[in-house]
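# Breakdown of the fold
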Amino acid sequence: VRKAGTNDIDAIMGIGKKHWETSLDCREGLKREDSVFLVAEVQRRFGTGMAGYAVMRIHSWNQSGWLLKFATSSEWKRNGVAKALLEEIRKAVSKNGLRTMSIETQPDNMEAKEFYEAMGLRICGYNDRCYTNNHENAGETAPFYSMDIS
């Protein structure tokens, strides 16, 4: 797991196209000073490859981190990639003096919900206005998870 760079944009877009409107959005996210943008690489037969990424926004006003984007390539699910990314995000939370980190997921994403709970995050609330009318999850109630960091 390492800090993301502009050379990673194509691979990031390949993993999480639904998370980004355009590659420009991804590029702009890399420039933000109030964000931690990490990628997970894995060793492949002929070099390394992108296995996942995580983007956390730092909110200094309330000393929290908001995990905006978190994705693992389908071929690397259940291989420790997401766990490694989340551990590095936890370290970034501590390093930046934050007290908590949070994430939202779709209500039908059981795999994500089970993973977050197994990693120690707990439901801290729900939002029935999270998705716009034209979003694929319109009308659903999004669960929010958080973890206090000591």
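Residues numbered from 1 in each chain as written. Predicted model: local features only at pLDDT ≥ 70, side-chain atom pairs only at ≥ 80, totals over all residues. Heavy atoms only, no water.

### Digging into the overall build of the protein chain
Inclusion rule: Only DSSP runs of H or I with at least four residues qualify as helices, and only runs of E with at least two residues qualify as strands; both kinds are numbered from the N terminus onward. Per-residue accessibility, obtained with a 1.4 Å probe over protein chains only, is compared with the maximum for each type, and a residue is labelled buried under 20%, exposed over 50%, and partly exposed between these values. Residue burial considers only the protein chains on display, and all accessible areas are found by Shrake-Rupley using a 1.4 Å probe.
The helix and strand inventory of the protein chain stands at four helices and seven strands. Starting at the N terminus and ending at the C terminus, the protein chain contains elements arranged as β-α-α-β-β-β-α-β-α-β-β. In the protein chain, which comprises 150 residues, the share counted as buried stands at 44%. Summed over its atoms, the accessible surface of the protein chain is roughly 9000 Å², and 45% of this surface lies on carbon and sulfur atoms.

### Notes on helix α3 (residues 81-95)
Under the convention used in this document: An expected span of 1.5 Å times one less than the residue number is assigned to each helix.
Counted at 1.5 Å a residue, the expected span for α3 with its 15 residues is 21 Å, and the 21 Å between its end C-alpha atoms agrees. Within α3, burial applies to V81, A82, L85, L86, I89, R90, A92 and V93. Following α3 by one or two positions, G97 adopts a phi angle in the positive range, close to 70 degrees.

### Brief notes about the pattern of salt bridges
Applicable threshold: The term salt bridge refers to a pairing of a side-chain nitrogen on Lys or Arg with a carboxyl oxygen on Asp or Glu at a separation within 4 Å.
Within the structure shown, the criterion is met by six salt bridges. A salt bridge links D34 to R32; the shortest N-O distance between them is 2.8 Å. With its nearest N and O atoms 3.0 Å apart, the salt bridge here joins K91 to E88. Of the two residues, K91 and E88 are both situated in helix α3; the distance of three residues between them amounts to about one turn of the helix.

### Some thoughts on helix α4 (residues 110-118)
Three- or four-residue spacings in an α-helix give side chains the same orientation, since the helix completes a turn every 3.6 residues. Stated formally: Here the arc refers to the set of directions running from the helix axis out to each C-beta atom. We call two residues in contact when some of their heavy atoms are within 4.5 Å.
Residues of α4 that are buried: A112, K113, F115 and Y116. In a view along the axis of α4, the buried residues occupy a sector of 165 degrees, so they form one face of it. Buried residues along α4 sit in contact with β4 (64-72), α3, β5 (100-104) and β7 (142-148). One or two residues past the end of α4 sits G120, with phi positive at roughly 100 degrees.

### Observations concerning the nonpolar core
Nonpolar side chains tend to gather and get buried jointly when the protein is soluble and globular. Stated formally: For our purposes a nonpolar core is just a set of buried Ala, Val, Leu, Ile, Met, Phe, Trp, Tyr and Cys residues, chained together by side-chain atoms within 4.5 Å.
Among the nonpolar cores identified, the biggest contains 28 residues, and M56, L67, F70, L86, I89, Y116 and L121 are the most heavily contacted of them. When residues of this core are traced back to their parent elements, those giving at least two are β2 (35-44), β3 (47-59), β4, α3, β5, α4 and β7. Grouped together as the second largest cluster of nonpolar side chains are 12 residues, I9, M50, Y53 and V55 included.

### Regarding the layout of surface pockets
Operational definition: Points on a 1 Å grid over protein atoms alone make up a cavity when a 1.4 Å probe fits among them but cannot get out, and a pocket when they form an open set with protein on both sides within 12 Å along at least five of seven lines; lining residues each have an atom within 4 Å of a point. Grid points are joined across faces, edges and corners, and a volume is the space filled by probe spheres set on the points. Polarity classes work like this: nonpolar for Ala, Val, Leu, Ile, Met, Phe, Trp, Tyr, Cys and Pro, charged for Asp, Glu, Lys and Arg, and polar for all others, with Gly in that last group.
Computed from the structure, the second largest pocket encloses a volume of approximately 220 Å³. Lining the second largest pocket, in full, are K3, A4, G29, L30, R32, S35, V36, F37, L38, A92, K95 and N96. Elements supplying a minimum of two residues to the lining of the second largest pocket: α2 (23-31), β2 and α3. A per-element tally of the lining of the second largest pocket places β2 first, with four residues. Grouping the constituent residues of the lining of the second largest pocket by class yields six nonpolar, three polar and three charged.

### Brief notes about the packing of aromatic side chains
Inclusion rule: Pairing of aromatic rings covers Phe, Tyr and Trp, the last counted by its six-membered ring, and requires centre-to-centre distances within 6.5 Å; plane angles under 30 degrees mean stacked, over 60 mean edge-to-face, and any other angle means tilted.
Applying the stated criterion across every chain yields a total of five aromatic pairs. Ring plane angle 35 degrees and centroid distance 5.6 Å describe the contact between W66 and F144, whose orientation is recorded as tilted. Placement of W66 in strand β4 and of F144 in strand β7 is noted, with a sequence separation of 78 residues between them. Through successive ring pairs, a cluster of aromatic residues spans F70, F115, Y116 and Y145.

Remember, this is a structural readout, not a statement about activity or role.
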